[in-house]
Amino acid sequence: MSVKQVDVKVGDSKTLVVFDNLTRTQIVMYAGASGDYNPLHSDELFTTKIAGYPSVFAHGMLSMGATGRVLTDWFGADGLTKYGVRFVNQVWPGDTLTTTATVAAVREEGGQHFADLTVETVNQDGKAVVSGTATARLEG
Amino acid sequence: MPAEHFPIEASHIMMFARAIGDPNPAFRDADSAEAKASGGIVAPPTFAMASWQFEPQHPLRPDPAKPWFGSGREPTGRVSSGGGGGGGGGGGGLHAEQHFEYHQPMRPGMVLTATTQQGNTWEKESKRGGTLKFSESVTEFRDTATGDLVVTARMVGVQTQRPVDKEA
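Given the structure is predicted, the values throughout are model-derived calculations rather than measurements.

1. With respect to the overall build of chain B
For chain B, the count of helices and strands is two helices and five strands. Along its sequence from the N terminus, chain B presents helices and strands in the succession β-α-α-β-β-β-β. Per-residue burial for chain B yields a buried fraction of 45% across its 168 residues. A separation threshold of at least 6 residues defines the contact pool for chain B, and within that pool the share at least 24 residues apart is 62%. As displayed, chain B offers around 8000 Å² of accessible surface, 50% of which is attributable to carbon and sulfur atoms.

2. Overview of helix α1 (residues 10-19) of chain B
Residues B:His12, B:Ile13, B:Phe16, B:Ala17 and B:Ala19 constitute the buried set of α1(B). Relative to the axis of α1(B), the buried residues are bounded by an arc of 155° and lie together on one face. The elements touched by buried residues of α1(B) are α1 (24-34) and α3 (60-75) of chain A. Looking one or two residues beyond α1(B), the residue adopting positive phi is B:Gly21, at roughly 75°.

3. Quick word on the confidence of the model for chain B
Residues and elements named next belong to chain B. Averaged over all residues, the pLDDT of chain B equals 88, while 90% of them reach at least 70. With pLDDT under 50 throughout, residues 83-91 is counted as low confidence; its partners more than four residues away or in other chains account for 26 contacts. Interface scoring of the predicted complex returns ipTM 0.97; its pTM is 0.93.

4. Observations concerning the nonpolar core
Within the largest apolar cluster, 64 residues are counted, with the highest numbers of intra-cluster contacts made by A:Phe75, A:Tyr83, A:Leu117, B:Phe47, B:Phe100, B:Met106 and B:Phe141. The element best represented in this core is α3(A), accounting for eight residues. Residues in contact with A:Leu117, not counting those within four places in the same chain, are A:Leu71, A:Trp74, A:Phe75, A:Ala101, A:Thr102, A:Val103, A:Ala104, A:Gly132, A:Thr133, A:Ala134 and A:Ala136. Core analysis: the second largest hydrophobic core is formed by 13 residues, A:Phe46, A:Phe57, B:Ala96 and B:Leu132 among them.

5. Here's the deal with the packing of aromatic side chains
Summed over all chains, the structure comprises twelve aromatic pairs over all chains. Where A:Phe57 meets A:Trp92, the ring centres are 5.5 Å apart and the plane angle is 65°; that geometry is what we call edge-to-face. Of this pair, A:Phe57 sits in the loop between α2 (44-50) and α3 while A:Trp92 sits in the loop between β3 (80-87) and β4 (97-109), placing them 35 residues apart in sequence. Taking the relative accessible area as the measure of exposure, A:Trp92 reaches 6% and is therefore buried. Taken together, the ring pairs connect A:Tyr30, B:Phe6, B:Phe16, B:Phe47, B:Phe54 and B:Phe141 into an aromatic cluster.

6. Some words on unusual backbone geometry
Even without a glycine there, the phi angle at A:Asn21 is positive, about 60°. Within the element layout of this structure, A:Asn21 appears in the loop between β2 (13-19) and α1.

7. Side note on the pattern of salt bridges
All names here are of chain A. Taken as a whole and judged by the stated rule, the model has eight salt bridges over all chains. A salt bridge links Glu109 to Arg107, with the shortest nitrogen-to-oxygen separation between them at 2.6 Å. Under the relative-accessibility criterion, Arg107 is labelled partly exposed at 29%. Within the structure, one salt-bridge network assembled from shared partners comprises Arg107, Glu109 and Asp116.

8. Concerning the side chain of A:Ser55
All names here are of chain A. Relative to the elements of secondary structure, Ser55 occurs in the loop between α2 and α3. Its relative accessible area of 9% is what places Ser55 among the buried residues. Sequence-distant contacts of Ser55, defined by excluding residues within four places in its chain, comprise Glu44, Thr47, Thr48, Trp92 and Pro93.

9. Side note on the interface of chain B and chain A
With 56 residues of chain B in contact, the opposing surface of chain A contributes 45 residues. Both faces combined, the contact of chain B with chain A buries some 4000 Å², and carbon together with sulfur accounts for 60% of it. Applying the counting criterion to the chain B and chain A interface returns one salt bridge. Across the pair B:Arg107 and A:Asp78 runs a salt bridge, and its minimum N-O distance is 3.9 Å.

Procedures and definitions
Residues numbered from 1 in each chain as written. Chains lettered and ligands numbered in written order. Predicted model: local features only at pLDDT ≥ 70, side-chain atom pairs only at ≥ 80, totals over all residues. Heavy atoms only, no water. Helix = DSSP H or I, 4+ residues; strand = E, 2+ residues; numbered from the N terminus. Buried < 20%, exposed > 50% of the residue type's maximum accessible area, 1.4 Å probe, protein only. Contact = heavy atoms within 4.5 Å. Areas by Shrake-Rupley, 256 points an atom, 1.4 Å probe, with all protein chains shown as cover. Arc of directions from axis to C-beta. pLDDT = per-residue confidence, 0-100. Core = buried A, V, L, I, M, F, W, Y, C linked by side-chain atoms within 4.5 Å. Phe/Tyr/Trp six-rings, centres within 6.5 Å; stacked < 30°, edge-to-face > 60°. Salt bridge = Lys/Arg side-chain N within 4 Å of Asp/Glu carboxyl O. Buried area = accessible area lost by both parts, 1.4 Å probe.

What follows is the structure in C-alpha coordinates.
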(Lines give C-alpha, C1' and ligand atoms only; values in the text may rest on other atoms or scores of the structure.)
Protein backbone atom coordinates (compact mmCIF):
# COMPACT_ATOMS: atom_id res chain seq x y z
CA MET A 1 0.00 0.00 0.00
CA SER A 2 1.21 3.42 -0.57
CA VAL A 3 -0.27 6.85 -0.26
CA LYS A 4 -0.57 9.08 -3.32
CA GLN A 5 1.68 12.08 -3.50
CA VAL A 6 -1.32 14.39 -4.15
CA ASP A 7 -2.90 13.22 -0.89
CA VAL A 8 0.01 14.33 1.32
CA LYS A 9 0.73 17.93 2.26
CA VAL A 10 3.28 19.58 4.50
CA GLY A 11 1.78 19.92 7.97
CA ASP A 12 -0.49 16.84 7.66
CA SER A 13 -0.29 14.84 10.85
CA LYS A 14 -1.62 11.74 12.58
CA THR A 15 -1.77 11.03 16.30
CA LEU A 16 -2.35 7.71 18.04
CA VAL A 17 -2.19 6.44 21.61
CA VAL A 18 0.19 3.51 21.12
CA PHE A 19 0.22 2.31 24.74
CA ASP A 20 -2.32 3.09 27.44
CA ASN A 21 -0.93 2.14 30.87
CA LEU A 22 2.04 0.18 29.50
CA THR A 23 2.23 -3.16 31.27
CA ARG A 24 5.21 -5.08 32.55
CA THR A 25 3.94 -8.04 30.57
CA GLN A 26 4.21 -6.01 27.35
CA ILE A 27 7.85 -5.27 28.21
CA VAL A 28 8.46 -8.98 28.82
CA MET A 29 6.88 -9.75 25.43
CA TYR A 30 9.35 -7.37 23.82
CA ALA A 31 12.28 -9.04 25.59
CA GLY A 32 11.12 -12.44 24.33
CA ALA A 33 10.54 -11.41 20.74
CA SER A 34 13.61 -9.21 20.32
CA GLY A 35 16.10 -11.36 22.22
CA ASP A 36 17.18 -8.45 24.46
CA TYR A 37 16.86 -10.08 27.90
CA ASN A 38 18.64 -7.31 29.79
CA PRO A 39 17.29 -7.69 33.38
CA LEU A 40 16.78 -3.90 33.50
CA HIS A 41 13.56 -4.54 31.60
CA SER A 42 12.06 -7.46 33.51
CA ASP A 43 13.89 -8.08 36.80
CA GLU A 44 12.70 -5.64 39.47
CA LEU A 45 15.13 -6.96 42.12
CA PHE A 46 18.15 -6.48 39.87
CA THR A 47 16.99 -3.13 38.54
CA THR A 48 16.20 -1.54 41.90
CA LYS A 49 18.77 -3.19 44.20
CA ILE A 50 21.79 -3.61 41.91
CA ALA A 51 21.40 -1.16 39.04
CA GLY A 52 19.82 1.60 41.17
CA TYR A 53 16.79 2.50 39.07
CA PRO A 54 13.34 3.14 40.61
CA SER A 55 11.78 0.25 38.65
CA VAL A 56 12.18 -1.81 35.51
CA PHE A 57 11.72 0.22 32.34
CA ALA A 58 10.89 -0.44 28.70
CA HIS A 59 13.47 -1.15 26.02
CA GLY A 60 14.01 1.95 23.91
CA MET A 61 13.28 -0.26 20.92
CA LEU A 62 9.83 -1.09 22.30
CA SER A 63 8.98 2.61 22.15
CA MET A 64 10.55 2.97 18.71
CA GLY A 65 8.61 -0.05 17.47
CA ALA A 66 5.31 1.24 18.85
CA THR A 67 6.04 4.69 17.40
CA GLY A 68 6.56 3.13 13.97
CA ARG A 69 2.97 1.89 14.02
CA VAL A 70 1.74 5.39 13.18
CA LEU A 71 4.07 5.51 10.18
CA THR A 72 3.20 2.08 8.76
CA ASP A 73 -0.55 2.59 9.40
CA TRP A 74 -0.30 5.75 7.35
CA PHE A 75 2.20 4.89 4.58
CA GLY A 76 1.92 1.10 4.39
CA ALA A 77 3.71 -1.73 6.16
CA ASP A 78 6.48 -1.60 3.51
CA GLY A 79 6.28 2.16 2.89
CA LEU A 80 9.32 3.50 4.76
CA THR A 81 12.75 4.15 3.30
CA LYS A 82 14.23 5.63 6.49
CA TYR A 83 13.34 5.75 10.15
CA GLY A 84 15.51 7.03 12.99
CA VAL A 85 14.99 8.22 16.55
CA ARG A 86 16.72 9.49 19.66
CA PHE A 87 15.63 8.03 22.98
CA VAL A 88 15.15 11.18 25.04
CA ASN A 89 13.48 9.89 28.20
CA GLN A 90 12.87 6.50 29.70
CA VAL A 91 9.52 4.73 29.50
CA TRP A 92 8.19 3.18 32.71
CA PRO A 93 5.45 0.63 33.42
CA GLY A 94 2.16 2.49 33.63
CA ASP A 95 3.12 5.13 31.07
CA THR A 96 0.65 6.14 28.39
CA LEU A 97 2.40 6.89 25.12
CA THR A 98 1.00 9.06 22.35
CA THR A 99 2.70 9.30 18.98
CA THR A 100 2.37 12.13 16.48
CA ALA A 101 3.82 12.00 12.98
CA THR A 102 3.87 15.18 10.88
CA VAL A 103 4.78 15.74 7.23
CA ALA A 104 7.76 18.12 7.07
CA ALA A 105 8.38 17.96 3.30
CA VAL A 106 7.05 16.34 0.14
CA ARG A 107 9.69 15.97 -2.55
CA GLU A 108 10.71 14.19 -5.71
CA GLU A 109 14.04 12.46 -6.20
CA GLY A 110 14.94 10.45 -9.29
CA GLY A 111 11.34 10.36 -10.46
CA GLN A 112 10.17 8.94 -7.11
CA HIS A 113 8.05 10.89 -4.62
CA PHE A 114 8.79 10.94 -0.90
CA ALA A 115 7.36 12.41 2.29
CA ASP A 116 9.82 13.42 5.01
CA LEU A 117 8.26 13.26 8.46
CA THR A 118 9.00 14.20 12.02
CA VAL A 119 7.78 11.79 14.63
CA GLU A 120 7.52 12.19 18.37
CA THR A 121 6.10 10.06 21.17
CA VAL A 122 5.22 11.69 24.47
CA ASN A 123 4.22 10.25 27.82
CA GLN A 124 1.21 11.17 29.96
CA ASP A 125 3.08 14.24 31.26
CA GLY A 126 3.64 15.51 27.72
CA LYS A 127 7.35 14.73 27.99
CA ALA A 128 8.98 13.38 24.82
CA VAL A 129 10.31 9.83 25.12
CA VAL A 130 11.20 9.22 21.48
CA SER A 131 11.92 11.89 18.91
CA GLY A 132 12.91 11.30 15.31
CA THR A 133 12.38 11.46 11.58
CA ALA A 134 11.24 9.12 8.83
CA THR A 135 10.91 9.07 5.06
CA ALA A 136 8.05 7.31 3.25
CA ARG A 137 7.68 6.45 -0.43
CA LEU A 138 4.65 7.97 -2.15
CA GLU A 139 2.82 6.94 -5.28
CA GLY A 140 3.30 9.44 -8.09
CA MET B 1 24.35 -7.01 16.47
CA PRO B 2 26.33 -9.31 14.21
CA ALA B 3 24.70 -12.55 13.09
CA GLU B 4 25.87 -14.87 10.35
CA HIS B 5 22.51 -16.49 9.84
CA PHE B 6 19.36 -14.48 10.58
CA PRO B 7 16.39 -16.34 9.09
CA ILE B 8 13.26 -14.20 8.81
CA GLU B 9 10.27 -16.30 9.79
CA ALA B 10 6.56 -15.49 9.73
CA SER B 11 5.89 -16.63 13.30
CA HIS B 12 8.79 -14.54 14.62
CA ILE B 13 7.41 -11.50 12.77
CA MET B 14 3.96 -12.15 14.30
CA MET B 15 5.43 -12.34 17.81
CA PHE B 16 7.52 -9.24 17.27
CA ALA B 17 4.51 -7.25 16.02
CA ARG B 18 2.53 -8.34 19.10
CA ALA B 19 5.46 -7.32 21.29
CA ILE B 20 5.45 -3.76 19.94
CA GLY B 21 1.64 -3.63 20.29
CA ASP B 22 0.99 -3.39 16.57
CA PRO B 23 -2.14 -5.22 15.33
CA ASN B 24 -1.54 -4.50 11.61
CA PRO B 25 -2.53 -7.73 9.73
CA ALA B 26 0.28 -7.08 7.21
CA PHE B 27 2.61 -8.51 9.88
CA ARG B 28 0.79 -11.84 10.30
CA ASP B 29 -1.96 -12.63 7.76
CA ALA B 30 -0.91 -13.15 4.14
CA ASP B 31 -4.57 -13.08 3.04
CA SER B 32 -5.31 -9.70 4.61
CA ALA B 33 -5.84 -6.64 2.45
CA GLU B 34 -2.97 -4.94 4.31
CA ALA B 35 -0.51 -7.76 3.50
CA LYS B 36 -1.64 -7.94 -0.13
CA ALA B 37 -1.15 -4.19 -0.45
CA SER B 38 2.40 -4.64 0.87
CA GLY B 39 3.31 -7.50 -1.49
CA GLY B 40 2.76 -10.15 1.22
CA ILE B 41 3.69 -10.43 4.87
CA VAL B 42 6.42 -7.98 5.76
CA ALA B 43 8.32 -7.35 9.00
CA PRO B 44 7.78 -4.17 11.05
CA PRO B 45 10.39 -1.43 10.49
CA THR B 46 12.31 -2.17 13.70
CA PHE B 47 12.40 -5.97 13.23
CA ALA B 48 16.11 -6.06 12.35
CA MET B 49 16.79 -5.63 16.09
CA ALA B 50 15.48 -9.17 16.62
CA SER B 51 18.69 -10.41 14.98
CA TRP B 52 20.03 -10.49 18.56
CA GLN B 53 18.26 -13.86 18.73
CA PHE B 54 20.75 -15.17 16.17
CA GLU B 55 23.92 -13.65 17.64
CA PRO B 56 25.55 -16.77 19.13
CA GLN B 57 27.37 -14.91 21.94
CA HIS B 58 24.75 -12.30 22.81
CA PRO B 59 25.69 -11.23 26.37
CA LEU B 60 22.11 -10.19 27.15
CA ARG B 61 20.71 -13.71 26.79
CA PRO B 62 21.16 -16.21 29.64
CA ASP B 63 23.61 -18.94 28.67
CA PRO B 64 23.29 -22.24 30.61
CA ALA B 65 27.10 -22.52 30.67
CA LYS B 66 27.67 -19.12 32.29
CA PRO B 67 26.49 -17.24 35.37
CA TRP B 68 23.66 -14.80 34.61
CA PHE B 69 23.66 -11.37 36.22
CA GLY B 70 19.90 -11.16 36.78
CA SER B 71 18.19 -12.29 39.99
CA GLY B 72 17.10 -15.71 41.09
CA ARG B 73 15.50 -15.74 44.51
CA GLU B 74 17.78 -12.81 45.33
CA PRO B 75 20.00 -10.55 43.19
CA THR B 76 23.37 -12.15 42.44
CA GLY B 77 25.26 -8.91 43.00
CA ARG B 78 26.75 -9.12 39.51
CA VAL B 79 26.26 -5.93 37.57
CA SER B 80 26.57 -7.33 34.07
CA SER B 81 27.47 -10.48 32.20
CA GLY B 82 30.02 -8.32 30.41
CA GLY B 83 29.89 -6.46 27.16
CA GLY B 84 26.69 -5.95 25.29
CA GLY B 85 27.75 -2.65 23.84
CA GLY B 86 25.51 0.31 23.50
CA GLY B 87 21.86 -0.17 22.89
CA GLY B 88 20.89 -3.26 24.70
CA GLY B 89 24.06 -2.93 26.76
CA GLY B 90 24.19 -4.39 30.25
CA GLY B 91 25.46 -2.65 33.37
CA GLY B 92 24.83 1.03 32.75
CA GLY B 93 24.59 0.83 28.96
CA LEU B 94 21.57 2.54 27.44
CA HIS B 95 20.34 3.00 23.91
CA ALA B 96 20.69 6.65 22.84
CA GLU B 97 19.77 6.60 19.14
CA GLN B 98 18.69 4.13 16.47
CA HIS B 99 18.48 4.79 12.74
CA PHE B 100 17.39 2.47 9.94
CA GLU B 101 17.67 2.78 6.19
CA TYR B 102 15.49 0.35 4.23
CA HIS B 103 16.75 -0.88 0.88
CA GLN B 104 14.02 -3.52 0.50
CA PRO B 105 11.32 -5.00 2.75
CA MET B 106 12.23 -7.81 5.19
CA ARG B 107 10.05 -10.79 4.27
CA PRO B 108 9.52 -14.33 5.60
CA GLY B 109 11.83 -16.77 3.85
CA MET B 110 14.76 -14.39 3.56
CA VAL B 111 17.97 -15.32 5.33
CA LEU B 112 20.09 -12.32 6.26
CA THR B 113 23.65 -11.85 7.46
CA ALA B 114 24.41 -8.95 9.74
CA THR B 115 27.88 -7.40 9.78
CA THR B 116 28.68 -4.75 12.36
CA GLN B 117 31.40 -2.08 12.18
CA GLN B 118 32.24 0.08 15.16
CA GLY B 119 31.99 3.80 14.47
CA ASN B 120 32.87 6.94 16.40
CA THR B 121 33.02 7.35 20.16
CA TRP B 122 32.58 10.65 22.03
CA GLU B 123 31.87 12.03 25.50
CA LYS B 124 29.47 14.58 26.88
CA GLU B 125 28.73 15.94 30.36
CA SER B 126 25.17 15.65 31.60
CA LYS B 127 23.43 16.80 34.77
CA ARG B 128 21.27 13.65 34.79
CA GLY B 129 23.82 10.93 34.09
CA GLY B 130 27.29 12.43 34.80
CA THR B 131 29.91 11.78 32.09
CA LEU B 132 28.20 10.13 29.13
CA LYS B 133 30.30 7.93 26.85
CA PHE B 134 28.70 7.49 23.45
CA SER B 135 29.65 4.83 20.91
CA GLU B 136 28.29 4.23 17.45
CA SER B 137 28.01 1.07 15.37
CA VAL B 138 26.71 0.42 11.88
CA THR B 139 25.21 -2.94 10.93
CA GLU B 140 24.54 -4.01 7.36
CA PHE B 141 21.86 -6.66 6.83
CA ARG B 142 22.25 -8.46 3.51
CA ASP B 143 20.16 -11.11 1.80
CA THR B 144 22.35 -14.23 1.68
CA ALA B 145 20.63 -15.36 -1.53
CA THR B 146 21.50 -12.23 -3.54
CA GLY B 147 24.13 -10.41 -1.48
CA ASP B 148 21.93 -7.31 -1.71
CA LEU B 149 21.56 -4.86 1.15
CA VAL B 150 18.21 -5.11 2.94
CA VAL B 151 18.60 -2.80 5.94
CA THR B 152 21.37 -0.56 7.27
CA ALA B 153 21.12 0.07 11.01
CA ARG B 154 23.09 2.72 12.90
CA MET B 155 23.01 2.45 16.66
CA VAL B 156 24.31 4.90 19.25
CA GLY B 157 24.79 3.54 22.75
CA VAL B 158 25.68 5.45 25.88
CA GLN B 159 27.35 4.41 29.10
CA THR B 160 26.23 6.67 31.94
CA GLN B 161 28.29 7.40 35.06
CA ARG B 162 25.20 6.90 37.26
CA PRO B 163 21.65 5.69 36.74
CA VAL B 164 19.40 8.17 34.96
CA ASP B 165 16.31 8.03 37.09
CA LYS B 166 12.77 9.16 36.77
CA GLU B 167 13.04 12.24 39.02
CA ALA B 168 16.15 13.65 37.41
